[in-house]
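A look at the structure
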Amino acid sequence: MHKGRDVYYQPYIYAGDQKFRNGKYSEAIAYYDEALDIKELSSIYLKKSIANKYLFQWEESIAQWDIYLSIARLSKERREGAELELENLRFAKQQHEEYVASDFDYNIQKLSFSTEELEYFPTITGGDEHLIYTHRYISGSKPTDENLFEAALDGISKFGVPLEGNLNSRLNEGAACISPDGQFMVLTVCDRPDGAGSCDLYYSHWSPNYGWEIPKPLPGAINTGRWESQPSLGPDGRTIYFVRASNSMERDRDIFVSTKDDEGNWTKGQKLPSNINGSDRESCPFMHFDGKTLYFLSERSPSLGASDFFMSTRINDSTWSDPINLGFPFNSFGEEFSLVIDKSGQFGYLASDRGEAIVPSYDGLSALDLYRFDLPKHLQPEIRDNYDLVVVDSLTLLPIGEASVQLFNVDGVQFFSGTSAKNTGRVRLMTDGGEVRLSVYHKGYLPYSGVISQLDYIARPLHGNNVATIKLIPIAAGKAFALRNILFELDQSTLLPESEKELTALLRMLEDNLDLNVTIIGHTDNQGGRAYNQRLSEARAAAVLSWLVEHGIQPTRLTSEGRGMDKPVASNDTEEGRALNRRTEVLLR
């Protein structure tokens, strides 16, 4: 009898495997134990360890893995891999214990419009009214081509719809990202005749008249003969984070960042440092609206499964904090996919084949769905809110697209350098609620200089329907305008570095209009004596003139003068009024 049992231990393993695939892990373990009673095989201990893990029986799972390591005949490379998996198992035990001990409600809910088809790669704007995502039909058991869909985030909508316009085709379009204002998209397009490789990064503008324009390859060197995909636009208007590899399956998959130059061309891209890009595959980057917090997917260890979500904070242009594993329930024992976080930092959306479960589905491809979740405090980015600007012609009030827009915080640090939307003139400012200095320029118009204060946020509520209108005045002789972000050292005529962008806008206007001459006029507030302020205003106007000459403008086109404290535009009784009076004015001749 024992001899017969010794011959037929395999059916117990097969039965255990079947129970395992059906999610009946306790019954699977019972069959594996029957097989072990007949014949001790290292592979059975490995199967038992995984089944115990899926039952969250951590000590037993670790014990079974230890036995597997002690008796298995492994090459050096395979043994190193198995020991690494044991470290992952111990890490998962710790993470699960922290998850169970937490009283936070992650509130993971399937979105109302997520269907039995495939939905993944969600992307959101800074206004969060809609979710754009990649949709793929399933014909029989075989997925068809990818397309981009959109659905309202109202908790009611039952279906998403293909994006309006000319984005989707019979080829694959997906893995998209959208600018905070919802007017510009970068997407992944594959196998196009005008592409550089298998998959490349393309762009499209939104038109209120007919929807999304036909996508075109991003200009510059960003697309190569390799595989470029999974873009994430930074909120600064000039950076894209994306994934590059030999192809979609290779292990050389890393996260890169590309920047846009003043001509609108994108650089080839620089690989993020080694603490972000390890020796394993990284993918699915999402840069939050704070411009600092990066979420991404990695196969590194220690991990909970095959791939996990991580987060890292950008310290400066070349340095990032060591990534943090997001832990349960965002990560599971299986493959993760992609996620995005709302501007508030308090919730987000992810694509998953498991929903609330931590144990992976073995029919996962047919169940890839979109979910909403809440985010605990320690994993949240900085809060941002949206404040909309629209650039228009002062005479016709028609929108001006592709105007250069520069935004700075109160300390003079630039956090946006982009353009107004091509067809709507819109710019969405993602703000922390602090004062913002802005500089706007478009050829044929006077440069615009202004400040958005906290009072402006109150007058036009954040994330409301109102927008701040930036009226650009057409160039004409005799016109005058003030540059309010030309800044100097206190009581001196030395230009501060943060004045550079505003001076550059003035320089561009003079370069674009070679028949134009100007007078630079300095103004001060009433702090100090009249003679003192007169000298200071003259010196500051002369400093601006000198800067322009140093940057190539003929001196014969320029004059300067100071008007001291004699021409105030606001009351000198408040600091706000005095700030308005301290200005550099430009008169066209």
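Refer to the structure printed above.
Note that the coordinates shown come from a computational prediction; the quantities given were computed from them, not determined experimentally.

Moving on to the packing of helix 2 (residues 10–21) against helix 3 (residues 25–38). Look at helix 2 against helix 3: their axes get within 8 Å of each other, and the N-to-C directions meet at 165°. Relative to helix 3, the element helix 2 is oriented roughly antiparallel. Considering how the two elements wind past one another, helix 2 and helix 3 form a crossing that is left-handed. Contact residues: helix 2 offers Tyr12, Ile13, Ala15, Gly16, Asp17, Lys19 and Phe20, while helix 3 offers Tyr25, Glu27, Ala28, Tyr31, Tyr32, Glu34, Ala35 and Ile38. Each residue belonging to the contact of helix 2 with helix 3 can be placed in one class, and the counts come to 10 nonpolar, one polar and four charged.

Taking burial as the measure, the six residues of strand 16 (residues 293–298) include six buried ones, the bulk of the element. Relative to strand 16, strand 15 (residues 282–287) is paired through four bridges, and the arrangement is antiparallel. Each residue of the ladder has a partner; that of Met287, found in strand 16, is Leu294. Between strand 15 and strand 16, which pair antiparallel in sequence order, lie five residues; one of them, Gly291, sits at a positive phi of approximately 75°. One ladder, built from six bridges, connects strand 16 with strand 17 (residues 308–316); its direction is antiparallel. By the bridge assignment, Leu297 is partnered in strand 17 with Phe309.

The antiparallel open sheet is built from four strands, whose spatial order is 1-22-21-20. The open sheet has two free edges, formed respectively by strand 1 (109–110) and strand 20 (338–341), since each of these has just one partner strand. Pairing of strand 21 (residues 347–352) with strand 22 (residues 369–374) involves six bridges; the strand directions are antiparallel. Looking across to strand 22, one finds that Phe347 is bridged to Asp374.

A few words now on helix 9 (residues 530–550). Counted at 1.5 Å a residue, the expected span for helix 9 with its 21 residues is 30 Å, and the 30 Å between its end C-alpha atoms agrees. Burial in helix 9 covers these residues: Asn533, Leu536, Ser537, Arg540, Ala541, Ala543, Val544, Leu545, Trp547 and Leu548. Lining the buried residues of helix 9 we find helix 8 (500–512), strand 31 (518–523), strand 32 (558–562) and strand 33 (583–588). Gly552 sits one or two positions beyond helix 9 and adopts a positive phi of about 105°.

Right, let's get into the pattern of salt bridges. What the rule picks out here adds up to 26 salt bridges. Between Asp525 and Arg582 there is a salt bridge, with its nearest N and O atoms 2.7 Å apart. Pair noted here: Asp525 is in the loop between strand 31 and helix 9 and Arg582 is in the loop between helix 10 (575–581) and strand 33, with a separation of 57 residues, a long-range link. Looking at Asp525, the relative accessible area reads 7%, which means it is buried. Classification of Arg582 by relative accessible area gives partly exposed; the value is 33%.

The next point concerns the side chain of Asp181. Looking at the secondary structure, you find Asp181 in the loop between strand 6 (173–178) and strand 7 (184–190). The buried charged residue Asp181 lacks any salt bridge, with Arg428 as its nearest oppositely charged partner at 6.7 Å. Engagement of the side chain of Asp181 in a polar contact is seen with the side chain of Ser179, the distance being 2.5 Å. A distance of 3.0 Å separates a polar atom in the side chain of Asp181 from the backbone nitrogen of Gln183. Leave out the neighbours within four places in its chain, and Asp181 touches Ala421, Arg426, Val427 and Arg428.

Calculation rules
Residues numbered from 1 in each chain as written. Predicted model: local features only at pLDDT ≥ 70, side-chain atom pairs only at ≥ 80, totals over all residues. Heavy atoms only, no water. Axes fitted to C-alpha atoms, helices over the stretch in contact; angles between N-to-C directions. Helix = DSSP H or I, 4+ residues; strand = E, 2+ residues; numbered from the N terminus. Parallel < 35°, antiparallel > 145°, perpendicular 65-115°, else oblique. Left-handed = near helix turned anticlockwise from the far one by under 90°. Contact = heavy atoms within 4.5 Å. Nonpolar A, V, L, I, M, F, W, Y, C, P; charged D, E, K, R; others polar. Buried < 20%, exposed > 50% of the residue type's maximum accessible area, 1.4 Å probe, protein only. Pairing = 2+ DSSP bridges. Expected span 1.5 Å × (residues − 1). Salt bridge = Lys/Arg side-chain N within 4 Å of Asp/Glu carboxyl O. Lys, Arg positive; Asp, Glu negative; His and termini not counted. Polar contact = N/O pair within 3.5 Å; in protein donor to acceptor, adjacent residues only side chain to side chain.

Don't take any of this as a statement about function, it's just geometry.
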